Amino acid sequence: KQEVTQIPAALSVPEGENLVLNCSFTDSAIYNLQWFRQDPGKGLTSLLLIQSSQREQTSGRLNASLDKSSGRSTLYIAASQPGDSATYLCAVRRNTGNQFYFGTGTSLTVIP
Amino acid sequence: DAGVIQSPRHEVTEMGQEVTLRCKPISGHNSLFWYRQTMMRGLELLIYFNNNVPIDDSGMPEDRFSAKMPNASFSTLKIQPSEPRDSAVYFCASSISGGDKAQYFGPGTRLLVL
């Protein structure tokens, strides 16, 4: 069974800092990996999707990388802002079937 | 383009009552997922459908839970009878089996069983 782990569970940084969130998974036979953002009391918003054949994806201040062989992905946030405060979850989709496996998330607080 | 639509957004009910949650996936998406999120257990997959057919319901907690997808644009998750421990946020998500296969979530239904 695929297990997805996110470290750290919580992170607090001052505004303007660059930061990295980590996601690791146990089974490298994945189809893709998706990063989500969840604001308190809200649903999940898709941030970036990396296909298994890709190494990274970028959107604005966000950059996600994927090292499938080592079972790791990182989400890099440049020049963090208070509006980035949220919980960030990663999810991997297996090669077979449509099931997604979610990590437990990293709660990010950016202090003004 | 409308995203995944869920109703109701909030539901408060008493123990023993029947609860029905509804979901309309994004048009053209042929995979639909029901998740439950709690502080203790995080995000759990309950069941998912592919082309309206239930593929994996191993996450459904017990017989009190049932899900249907009568057509490509509608799904329900029913709890009967409801219990306080069912209190959670229930999310519906949809995906397309081809293309990038990204998953898109609805806003969720916040359920409180008293």
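For the structure given in this document, a descriptive report is provided here. (Residues numbered from 1 in each chain as written. Chains lettered and ligands numbered in written order. Predicted model: local features only at pLDDT ≥ 70, side-chain atom pairs only at ≥ 80, totals over all residues. Heavy atoms only, no water.)

Regarding its fold elements, chain B presents zero helices and 11 strands. For chain B, the N- to C-terminal ordering of α and β elements is β-β-β-β-β-β-β-β-β-β-β. At 13 Å, chain B has a C-alpha radius of gyration in line with the 13 Å of a compact globule built from 114 residues. Projected onto its principal axes, the C-alpha coordinates of chain B cover approximately 40 × 25 × 25 Å. (Helix = DSSP H or I, 4+ residues; strand = E, 2+ residues; numbered from the N terminus. Rg over C-alpha atoms; globule rule 2.2 N^0.38 Å.)

All right, on to the interface of chain B and chain A then. Contacts between the two partners involve 21 residues from chain B and, on the opposite side, 18 residues from chain A. Summed over both sides, the interface of chain B with chain A buries roughly 1,600 Å², with 52% coming from carbon and sulfur. Counting every contact that joins chain B to chain A gives zero salt bridges. In this structure, the connection of chain B to chain A is made through three residue pairs in polar contact (both at pLDDT 80 or more). Contributions of two or more residues to the side of chain B that touches chain A are made by β4 (31-38), β5 (42-50), β9 (88-95) and β10 (103-105) of chain B. Residues of the side of chain B that touches chain A, tallied by class, amount to 10 nonpolar, seven polar and four charged. (Contact = heavy atoms within 4.5 Å. Buried area = accessible area lost by both parts, 1.4 Å probe. Salt bridge = Lys/Arg side-chain N within 4 Å of Asp/Glu carboxyl O. Polar contact = N/O pair within 3.5 Å; in protein donor to acceptor, adjacent residues only side chain to side chain. Nonpolar A, V, L, I, M, F, W, Y, C, P; charged D, E, K, R; others polar.)

What follows concerns the state of the cysteines. The full count for this structure, using the stated rule, is two disulfides over all chains. Residue pairing for Cys23 of chain A: its cysteine sulfur links by disulfide to Cys90 of chain A, the two sulfurs lying 2.0 Å apart. Taking the torsion about the sulfur-sulfur bond, which here is approximately 75°, the covalent link between Cys23 of chain A and Cys90 of chain A counts as right-handed. Of this pair, Cys23 of chain A sits in strand β3 (residues 19-25) while Cys90 of chain A sits in strand β9 (residues 86-94), and the two are 67 residues apart along the sequence. Assessed through its relative accessible area of 0%, Cys90 of chain A is described here as buried. With its sulfur 1.9 Å from that of its partner, Cys23 of chain B forms a disulfide with Cys92 of chain B. Disulfide Cys23 of chain B to Cys92 of chain B: torsion about the S-S bond roughly -65°, handedness left-handed. You can see Cys23 of chain B sitting in strand β3 (residues 19-24) and its partner Cys92 of chain B sitting in strand β9, a full 69 residues away along the chain. Neither Cys23 of chain B nor Cys92 of chain B differs from the other in exposure class; each is buried. (Disulfide = S-S within 2.5 Å. Buried < 20%, exposed > 50% of the residue type's maximum accessible area, 1.4 Å probe, protein only.)

What follows deals with the nonpolar core. Grouped together as the largest cluster of nonpolar side chains are 23 residues, with contacts concentrated most on Leu33, Trp35 and Leu75 of chain A. Contributions of two or more residues to this core are made by β3, β4 (30-38), β5 (44-51), β7 (62-67), β8 (72-77), β9 and β11 (106-111) of chain A. (Core = buried A, V, L, I, M, F, W, Y, C linked by side-chain atoms within 4.5 Å.)

So, about the pattern of salt bridges. Residue and element names in this part refer to chain B. By the definition in use, this model includes 10 salt bridges over all chains. Between Arg36 and Glu44 there is a salt bridge, with its nearest N and O atoms 3.4 Å apart. As far as the burial class goes, Arg36 and Glu44 line up, both buried. Taking the shortest distance from any N to any O, the salt bridge between Glu62 and Arg85 comes out at 3.2 Å. Of the two residues, Glu62 is situated in the loop between β6 (53-56) and β7 (65-71) and Arg85 in the loop between β8 (74-79) and β9; the sequence distance between them amounts to 23 residues. Glu62 gets classed as partly exposed once you look at its relative accessible area, which sits at 27%.

All names here are of chain A. Mapped onto the fold, Gln2 is located in the segment before β1 (4-7). There is a polar contact of 2.9 Å between the side chain of Gln2 and the backbone nitrogen of Thr26. At 2.8 Å, the side chain of Gln2 and the backbone nitrogen of Asp27 are in polar contact. Not counting residues within four places of it along the chain, the set of residues in contact with Gln2 comprises Phe25, Thr26, Asp27, Ile30, Val92 and Tyr101.

Take the sheet that holds β7 of chain A next. Residues and elements named next belong to chain A. Overall, antiparallel pairing links the five strands, which are arranged β1-β3-β8-β7-β6 in an open sheet. Strand pairing shows two members of the sheet lacking a second neighbour, β1 and β6 (56-59), which therefore form its edges. This sheet shows a mean twist of 15° between the axes of neighbouring strands, independent of strand direction. (Pairing = 2+ DSSP bridges. Axes fitted to C-alpha atoms, helices over the stretch in contact; angles between N-to-C directions.)

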